[in-house]
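# An overview of the molecular structure
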Amino acid sequence: MKLLIMGPPGAGKGTQAKFIAEKFAIPHISTGDIFRENLKKETAIGLEAKSYMDKGEYVPDEVTNRIVADRLTWDDAAKGFLLDGYPRTLDQVNFLEQALSQKNQHLDRVIELVADINTLIARLLSRAKEQNRADDTEEVITKRLEVYLAETAPIIETYKNKNLVIQVDGLGEIEEVSHRIITAIENK
Ligand code: AMP
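Residues numbered from 1 in each chain as written. Predicted model: local features only at pLDDT ≥ 70, side-chain atom pairs only at ≥ 80, totals over all residues. Heavy atoms only, no water.

### Focus: the side chain of Gln-105
With respect to the helices and strands, Gln-105 occurs in the loop between helix H5 (90-102) and strand E4 (109-114). Looking at Gln-105, the relative accessible area reads 18%, which means it is buried. Within the structure, the side chain of Gln-105 is placed 3.3 Å from the backbone oxygen of Ala-78, a separation counted as a polar contact. Each residue touching Gln-105, except ones within four places of it in the same chain, is listed here: Lys-2, Ala-78 and Leu-100. (Helix = DSSP H or I, 4+ residues; strand = E, 2+ residues; numbered from the N terminus. Buried < 20%, exposed > 50% of the residue type's maximum accessible area, 1.4 Å probe, protein only. Polar contact = N/O pair within 3.5 Å; in protein donor to acceptor, adjacent residues only side chain to side chain. Contact = heavy atoms within 4.5 Å.)

Shown next, in the form of structure tokens:
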């Protein structure tokens, strides 16, 4: 099962991705997590990513594509994966498609978590308090949503045109949303 989970920041992609990955026994690959791990270890990639993350901007495609291409070569990703927070730009969509087609692979489903923007802002602000994330100030949150709407929301259309998208209401209890996603994947 090769899956993507997409949706605006704060829609619960990370939380849901963990459940789905476990359910289908595939690795959960989050580019945001990879950047945060690199930042903690102060690697060159981490330090480069930080300047963008702190502003709510996207890390350049060239850097992001490279880390994903590398991660997809790991043995655990040979039969399937769930990508969370990638692709986010058209360049990344094209890169991923090429990387998969070179291995004669293709995506099976794209899960789109749908949620109201004002609810998301409130969620992100409360997460900022809980997790003390540097990229969760009100200014950065607004910027992240703007970048999402400008760059990432339109690329979901590409996947809709390929009939890969399953839209799921992202609001509600965590278990309720997971149940909706899993049912939708199994029934598509
Ligand atoms: P996330 O945890 O997925 O919201 O990612 C946190 C931050 O990491 C984003 O705001 C971006 O700065 C960066 N990031 C994560 N994934 C990507 C991506 N696919 N393309 C560019 N930047 C990314």
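### Digging into the pattern of salt bridges
This model, assessed by the stated rule, comprises nine salt bridges. The salt bridge involving Arg-71 is made with Asp-76; its shortest N-O contact spans 2.8 Å. The class for Arg-71 is buried, based on a relative accessible area of 11%. A salt bridge links Lys-160 to Glu-112, with the shortest nitrogen-to-oxygen separation between them at 3.8 Å. Of this pair, Lys-160 sits in helix H7 (residues 138-161) while Glu-112 sits in strand E4, and the two are 48 residues apart along the sequence. With a relative accessible area of 11%, Glu-112 lands in the buried category. One salt-bridge network, in which partners are shared between bridges, spans Glu-112, Glu-157 and Lys-160. (Salt bridge = Lys/Arg side-chain N within 4 Å of Asp/Glu carboxyl O.)

### So, the site of the ligand
In the vicinity of the ligand there are 15 residues, among which Thr-31, Arg-36, Glu-57, Gly-85 and Arg-88 approach most closely. At 2.7 Å, a side-chain N or O of Thr-31 approaches a nitrogen atom of the ligand. In this structure, a nitrogen atom belonging to the ligand sits 2.7 Å away from a side-chain N or O atom of Arg-88. Burial of the ligand by the surrounding chains reaches 96%, relative to a free accessible area of 480 Å². (Near = heavy atom within 4 Å. Areas by Shrake-Rupley, 256 points an atom, 1.4 Å probe, with all protein chains shown as cover.)

### Quick notes on the nonpolar core
Soluble globular proteins tend to bury their nonpolar side chains together. Leu-4, Leu-83, Leu-96, Leu-107 and Tyr-159 are the most contacted members of the largest nonpolar core, which totals 29 residues. The dominant element in this core, judged by the number of residues it contributes, is H7, at five residues. Excluding anything up to four places from it in sequence, Leu-4 contacts Leu-82, Leu-83, Tyr-86, Pro-87, Leu-96, Leu-107, Arg-109, Val-110, Ile-111 and Tyr-159. Judged by nonpolar contacts, the second largest core, of 18 residues, contains Ala-21, Ile-111, Ile-166 and Val-177. (Core = buried A, V, L, I, M, F, W, Y, C linked by side-chain atoms within 4.5 Å.)

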